[in-house]
Amino acid sequence: MLAIMTAPADTGSSWLSGRMLSLHLVLELFAVIIAALVVTASWHTFDRREDRSANAFIAGFLIVGACDLMHALTFQGMPGLLTESSTPGAIFFWLMGRSFEVLTLGAIALALVPRFSRSASLLIGILVSVAIIGFGSYAIESFPVTFVEGIGVTPFKARYEFVLMALNFLVALLLWRRKDPENARQNALLALSAFFMGVGGLAFTAYVAPTDFQNIGGHLYKVMAYVLLYRATYITNILAPYEALQASEARVRESQARMHTLGANLAQSVLYQVVRELDGSMRITHMTDAVERILGVKAADVLRDPAIWYGHFHAEDLPVLKIAVQRSADTMLHFDFEARLTRADGRLRRMHFVSTPRRLEDGHLVWDGIMTDITERSEAQEVRRKLELQLREAQKMESIGTLASGIAHDFNNVLAAILGNTMMVIEDVERGAREEALLGLAQIRKAGSRARSLVNQILSFSRREVPERVAQPLRPILAESVSLLRSTLPANVELVEHMDDQHACALVDRTQLEQVIVNLCTNAWHALGDKGGRIGVGISQVSIGSDQALVHALIPGRYVRLRVEDNGCGMDEATRQRVFEPFFTTKAVGKGTGIGLSVVHRIAVEHDGAITVESSPGRGARFDVFIPALPVAVDADNEPSLPARGARDIGRGERVLYVEDDAVISLMVERMLRRAGYTVSCLAEPEKAIETLRRAPHAFDIVVTDYNMPIHSGLDVIRQVASIRPGLPTILISGYVSDELQAKAEELGVFDILEKQKALDELAPAIEKALMRASMTTEA
């Protein structure tokens, strides 16, 4: 620029004199084209973050381009357009173009661009351009004089150029110092553009004629500044977003490849994405190829037609799946579901679905999740469950074996009482001593009740049932368990029962709680050894605070505490730490398997409780079982009982067919039912009973049969009765009523199942109820 400024004004005049107009037009048209490219690039920017800068370029350089175009068309020597061409007019459009160029860059450098839409920016640029063109064409006389023929540019024009130079240098400095690492290259190019525009302004401060060499030099600087400006605009609005898009696509491809590798390497899992449309239909948008390995269906087929996927679900699981999906959609909560799916080869697989819903801006719901094949795990868990059940049963049998000697002792006492009193009653009858005979019979009845109680306790303890937690008082459970234990413990062991809270209630399984009491007391007995000692067992209610709850993994609140303590040998810390481990025992071979306390621990946990132990060598041990307490007491028997009736006034001569292979029981039941007013026919063989009924189907009003008989069971008899005479009421009697027997009897329509030890008290009322129901059914 110094060289241009110091060169004589007529430098190259011989060459420029005939070409100045054309050369000026080419340079200006080049500048106009670049300005148009800047506007176009800004209009089509990909980067929404650059909208404000792009809008500034749209409005500003639309004005700059219009001014440059008018500057070229109004240059001295050009044909008239709106008015005659003149140097003052050309200079006016030149100054307006340079002014809006520096204002645009300055607004961008200072981040002072208002928030307009692209259309609004374009409209502003058009309106301002029209206004400038109108003013420059029809009101140029109102603008200060900028050029005098023969003298050159006026001081106003020179000062204007110097102001533009200063502003361009300031804008260049601001752009250069902007701390924007992401746009550092673009800011540098814009700064250089403003700098070149400022330097080029020197050439327009001292020329005498528009054809002077300095004028052409200034235009060259302007073109160079525009090229840098377009480069910056192109990088900002086109190249940088395009490169970012390419990088984003590369990251997407990399992510897809990583997801594909991840999905392929998950041996038992499938990654999926499901979209719920606004009409409620489901669309699968992603599923890894592992689905073909696990279920034998191609991922492409599933993505093309979701019906193929849902067709693999087990028919019973589809309605449940729809409910689970709807619940997840309504609550926007975690989706966790297990279902059975059929492989292409027909084999069933159990799958576990886990995902979380999210809602898109357009209202669609999306579940991104993982599906895992848990077939082998489920089978292993089922095997484990069965093994644990067998383990419990084995431990229960161990406990029953431990109690066997005491139970046998009690039964011998009962039998001795029955046999002894029977002999004395016979003698009393022979002597005519009626009062003494009645006293002996009462003792026999008492002994029989004691035997029946023992049998009920054994059956209750050994019965294999699915645990059923019921709200009930704990006092009867403790009393019955202690009664059973007293028959077992030797004379040198003192069993002390204390019930601090007579109304303590909890949600428990009766059999399991009895097992806990028996196991803990048996363990205490073994700890006492041959010398004997004292065992205390009791129930109370306690409050567990936050500190205690944290230690015992409980929820703070009210708990029922079952405490069993002894003054035996105790245990050291190492033993105490392992006391609840399965098969861990300090007993000698043959004295126990070491599974009793582990079963107690598991039962306590299953009841949402915990068990603790305190012990030290020589100081005995204390076990505390905590079970959540119920706030309201529950009666031991909340079912209404029928008013007692004498057995002699029940029957009205109804005909009863009684099938029993035990002659003693048969004779006793026959006499009892006759006294109750029934007509009884007793048969010992099921075959004869069936044949008798077949010959005379209407000879009997009800059939009562024992279950356990040779060749044919009681269920076989009832099955034949149903085929011979449908609707004939039946009652089944068994010494042991299991869940399986109960279910089979219900299938055959048996009215009632009675335990044999209770039949003497319950059979006559049961017959009455059965006949009454049959009568009501017939009338209906």
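Structural data are supplied above this passage.
Thoughts on the overall build of the protein chain
A count of helical and extended segments in the protein chain gives 25 helices and 19 strands. Expressed as a percentage of its 780 residues, the buried residues of the protein chain come to 44%. The contacts of the protein chain with a sequence gap of at least 6 include a subset with a gap of at least 24, amounting to 69%. Total accessible area computed for the protein chain in this model is approximately 40900 Å², and 59% of it derives from carbon and sulfur atoms.

What about the packing of aromatic side chains?
A complete count under the given rule lists 13 aromatic pairs for this structure. An angle of 70° between the planes, with centres 5.8 Å apart, marks the rings of Phe156 and Tyr160 as edge-to-face. A residue pair is termed a helical-turn pair when its members lie 3 or 4 positions apart in one helix, as Phe156 and Tyr160 do in helix α7 (residues 155-177) at 4 residues. Residue classification places Phe156 among the partly exposed residues on the basis of a relative accessible area of 25%. Within the aromatic cluster, the residues linked to one another by ring pairs are Phe92, Phe93, Phe135, Phe143, Phe156 and Tyr160.

Some details on a nonpolar patch on the surface
Taken together, the side chains of Leu110, Leu112, Val163, Leu167, Leu170, Leu173 and Leu174 define a hydrophobic patch exposed on the protein surface, amounting to about 620 Å² of accessible area. Take the nonpolar patch: its biggest share by element is 5 residues, from α7. With respect to the helices, strands and loops of the structure, Leu174 is situated in helix α7. A residue is classified by how much of its surface remains accessible, and Leu174, at 32% relative accessible area, is partly exposed.

Regarding the sheet that holds strand β4 (residues 282-287)
Hydrogen bonds between backbone atoms are what pair the strands of a sheet, whose relative direction is either parallel or antiparallel. Judged by pairing direction, the sheet is antiparallel, and its 5 strands sit side by side in the order β4-β3-β7-β6-β5 without closing on themselves. In this open sheet, the two edge strands, each paired with only one partner strand, are β4 and β5 (335-342). Neighbour to neighbour, the strand axes of the sheet diverge by 30° on average, direction disregarded. Sheet topology note: the strand β6 (residues 348-359)/strand β7 (residues 365-373) ladder contains 9 bridges and is antiparallel. What sits directly across from Val354, in β7, is Ile370.

Some remarks on the environment of Met424
Within the secondary structure, Met424 sits in helix α14 (residues 375-431). The partly exposed category is assigned to Met424, whose relative accessible area is 45%.

Quick notes on the pattern of salt bridges
Once the charged atoms of two side chains with opposite charge are near each other, the side chains can pair. Counted by the stated rule, this structure contains 28 salt bridges. One salt bridge in this structure joins Asp68 and Arg98, with 3.2 Å as the shortest N-O distance. One end of the pair, Asp68, is in helix α4 (residues 51-73); the other, Arg98, is in helix α5 (residues 87-110), with 30 residues separating them in the sequence. Neither residue differs from the other here; Asp68 and Arg98 are each classed as buried. One salt bridge connects Arg340 with Glu316, and the closest N-O pair in it is separated by 3.1 Å. Placement of Arg340 in strand β5 and of Glu316 in the loop between α12 (306-310) and α13 (318-331) is noted, with a sequence separation of 24 residues between them. Accessibility expressed as a relative area gives 54% for Glu316, which makes it exposed. One salt-bridge network, held together by shared partners, links Arg563, Glu614, Arg622 and Asp624.

Observations concerning unusual backbone geometry
One non-glycine residue, Met332, lies in positive phi territory at about 55°. By the element assignment, Met332 lies in the loop between α13 and β5.

Digging into helix α6 (residues 118-138)
Relative to the 30 Å expected for 21 residues at 1.5 Å per residue, α6 spans 30 Å between its end C-alpha atoms, a close match to the ideal helical length. Taken together, the buried positions of α6 are Arg118, Ser121, Gly125, Ser129, Ile132, Gly136 and Ser137. All buried residues of α6 lie within an arc of 120° about the axis, which places them on one face of the element. Across from the buried face of α6, at angles greater than 90 degrees, the exposed residues are Leu127, Val130 and Tyr138.

Some details on the packing of helix α22 (residues 686-695) against helix α23 (residues 714-724)
Two numbers describe a pair of packed helices, the interaxial angle and the distance between the axes. For the pair α22 and α23, interaxial distance at closest approach is 10 Å and the crossing angle is 10°. Here α22 is positioned roughly parallel relative to α23, judged by the angle of their axes. Along its contact with α22, which presents Pro686, Ile690, Leu693 and Arg694, the element α23 presents Val717, Gln720, Val721 and Ile724. Residues that form the contact of α22 with α23 fall into these classes: 6 nonpolar, 1 polar and 1 charged.

So, empty space enclosed by the protein
Here the structure, examined in full by the defined rule, presents 4 cavities of 30 Å³ or more. Size it by volume and the second largest cavity reaches roughly 70 Å³. In terms of lining residues, the second largest cavity is bounded by 13 residues, among which Trp94, Arg98, Glu161, Met197 and Gly201 are the most central. Those elements that provide at least two residues to the lining of the second largest cavity are α5, α7, α8 (184-200) and α9 (213-265).

Some remarks on the pairing of β7
The buried fraction of β7 amounts to 7 of the 9 residues, a majority that puts the element mostly inside the structure. Two elements, strand β3 (residues 269-276) and β7, share 8 bridges in a ladder whose sense is antiparallel. Residue Leu271 lies in a different strand from β7, and its bridge partner there is Ile370. Taken together, β6 and the strand that follows it, β7, pair antiparallel across an intervening segment of 5 residues, in which Gly363 is found at a positive phi of about 95°.

Description of the environment of Leu62
In this fold, Leu62 is placed in helix α4. Residue classification places Leu62 among the partly exposed positions, given a relative accessible area of 23%. C-alpha separation for the pair Leu62 and Ile124, spaced 62 residues apart in sequence, amounts to 9.3 Å. The contacts of Leu62, once residues within four sequence positions are left out, are Val39, Phe57, Leu122, Gly125, Ile126 and Ser129.

Calculation criteria
- Residues numbered from 1 in each chain as written.
- Predicted model: local features only at pLDDT ≥ 70, side-chain atom pairs only at ≥ 80, totals over all residues.
- Heavy atoms only, no water.
- Helix = DSSP H or I, 4+ residues; strand = E, 2+ residues; numbered from the N terminus.
- Buried < 20%, exposed > 50% of the residue type's maximum accessible area, 1.4 Å probe, protein only.
- Contact = heavy atoms within 4.5 Å.
- Areas by Shrake-Rupley, 256 points an atom, 1.4 Å probe, with all protein chains shown as cover.
- Phe/Tyr/Trp six-rings, centres within 6.5 Å; stacked < 30°, edge-to-face > 60°.
- Patch = residues over 30% accessible without salt bridge, like charges linked within 9 Å, V, L, I, M, F, W, Y side chains within 5 Å.
- Salt bridge = Lys/Arg side-chain N within 4 Å of Asp/Glu carboxyl O.
- Pairing = 2+ DSSP bridges.
- Axes fitted to C-alpha atoms, helices over the stretch in contact; angles between N-to-C directions.
- Expected span 1.5 Å × (residues − 1).
- Arc of directions from axis to C-beta.
- Parallel < 35°, antiparallel > 145°, perpendicular 65-115°, else oblique.
- Nonpolar A, V, L, I, M, F, W, Y, C, P; charged D, E, K, R; others polar.
- 1 Å grid on protein atoms, 1.4 Å probe; cavity = no way out; pocket = protein on both sides within 12 Å on 5 of 7 lines; lining within 4 Å.
- Points joined across faces, edges and corners; volume = space filled by probe spheres on them.

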